[in-house]
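# Report on the structure
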Amino acid sequence: MNLDPLPVDALAVGAHPDDIELVVGGTLLKLHSLGYKTAVLDMTCGEMGTRGSAEIRAQEALAAAKVLKLTARENLGLPDSKVWCDEGSRTKMVRALRRFRPKVVFTHYWDDPHPDHAHIAQIVREAAYLSGLAKYDVESGQARYRPSAIAHFMFPRTVIPTFVVDISEFVQDKMAAIHCYKSQLYDPNSQELETNISNSGFLGRVDARQRFYGGLISVENGEAFVVKEALNIADPIALLTRDMNMYS
Ligand SMILES: [Zn+2]
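Here's what I pulled together on the structure shown here. (Residues numbered from 1 in each chain as written. Predicted model: local features only at pLDDT ≥ 70, side-chain atom pairs only at ≥ 80, totals over all residues. Heavy atoms only, no water.)

As a further point, take the coordination of the zinc ion. For the zinc ion, every protein donor is listed as His16 (ND1), Asp19 (OD), Asp19 (OD) and His117 (NE2), and the spread of their distances is 2.1 to 2.5 Å. Written as a sequence motif, the donor residues of the zinc ion are H-x2-D-x97-H. Exposure class is identical for His16 and Asp19. Each is buried. (Donors = N, O, S within 2.8 Å, 3.2 Å for Na, K, Ca; no water. Buried < 20%, exposed > 50% of the residue type's maximum accessible area, 1.4 Å probe, protein only.)

In structure tokens:
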């Protein structure tokens, strides 16, 4: 990985190319429209995916990055389905955090049935702390850095989100980014084994989930996040009175 600083406001860290598009794509588009710089770090190339190949998914990820208007999209190249929170993965993540210097990191939820997803939540949390220690990994020559917050996505529907982002204006572009992953999506002519994503009802479930989370804040479509720490709110009035539809 190139270690030169490439500061962004938000960094979305996902296990497999397409994870990010499904759960934080609308939020990244919205942040871009607000003038923020965004980047994606895929941890693996998705080579264990039932459909397609690592090469095809790399091309698809590049196409989706353009749709999402990202400043950068990089891949850490960890082995798909064998991602562990160990010294090697922590150091790689620390170097990525010190390179991108994101104010906020979006990543997986810690209690996810896919072990890569759960381990990446842990890697990001540990690396976010370690990257603030000046004496950790001095060999890289990078300056210490610690992001302000980590927001987790893709959690069980029984978990109440900490906050929901209204992505109603950005749904079309988000779906266009998801459609870049043709090798993963429903194809009636494909001879490959079916997966959750390639099932003909999958995109309908993405739509239903967005509408469910949107409904929690009285808008059409939303993306939901969990933050583990208490939030430091400068202006609770400004935060708590925004566009709430109080009258029924
Ligand atoms: Zn995944």
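Structure shown, so let's carry the discussion forward.
Bringing the sheet that holds strand S2 (residues 38-44) into the picture now. The strand order S3-S2-S1-S4-S5 describes an open sheet built from five strands, whose pairing is parallel. The open sheet has two edge strands with one neighbour each: strand S3 (72-78) and strand S5 (149-153). Between one strand and the next, the sheet's axes are offset by a mean angle of 20 degrees, whatever the strand orientation. Here five bridges tie S2 to S3, and the two strands are oriented parallel to one another. (Pairing = 2+ DSSP bridges. Helix = DSSP H or I, 4+ residues; strand = E, 2+ residues; numbered from the N terminus. Axes fitted to C-alpha atoms, helices over the stretch in contact; angles between N-to-C directions.)

Counting 33 residues, the largest nonpolar core has Val24, Leu28 and Phe106 as the members making the most contacts within it. Of all elements in the fold, only strand S1 (10-14), helix H1 (19-33), helix H2 (54-67), S5, helix H5 (171-178) and helix H6 (202-216) reach the threshold of two or more residues within this core. No other element matches the seven residues that H1 contributes to this core. Each residue touching Leu28, except ones within four places of it in the same chain, is listed here: Ala12, Ile20, Thr38, Val40, Leu68 and Leu70. (Core = buried A, V, L, I, M, F, W, Y, C linked by side-chain atoms within 4.5 Å. Contact = heavy atoms within 4.5 Å.)

Together, Leu231, Ile233, Leu239 and Leu240 make up a nonpolar patch on the protein surface, roughly 380 Å² of accessible area in all. Mapped onto the elements, Leu239 comes out in helix H7 (residues 236-240). Overall, Leu239 belongs to the partly exposed group, its relative accessible area being 43%. (Patch = residues over 30% accessible without salt bridge, like charges linked within 9 Å, V, L, I, M, F, W, Y side chains within 5 Å. Areas by Shrake-Rupley, 256 points an atom, 1.4 Å probe, with all protein chains shown as cover. Salt bridge = Lys/Arg side-chain N within 4 Å of Asp/Glu carboxyl O.)

Once that is clear, we can look at empty space enclosed by the protein. Applying the stated criterion across every chain, the model contains two cavities of 30 Å³ or more. In this structure, the largest cavity spans a volume of roughly 120 Å³. Lining the largest cavity are 14 residues, with Val23, Met154, Arg209, Tyr213 and Ala224 sitting closest to its centre. The set of elements that each furnish at least two residues to the lining of the largest cavity consists of H1, H6 and strand S7 (222-225). Broken down by element, the lining of the largest cavity gets its largest block of residues, four residues, from H6. (1 Å grid on protein atoms, 1.4 Å probe; cavity = no way out; pocket = protein on both sides within 12 Å on 5 of 7 lines; lining within 4 Å. Points joined across faces, edges and corners; volume = space filled by probe spheres on them.)

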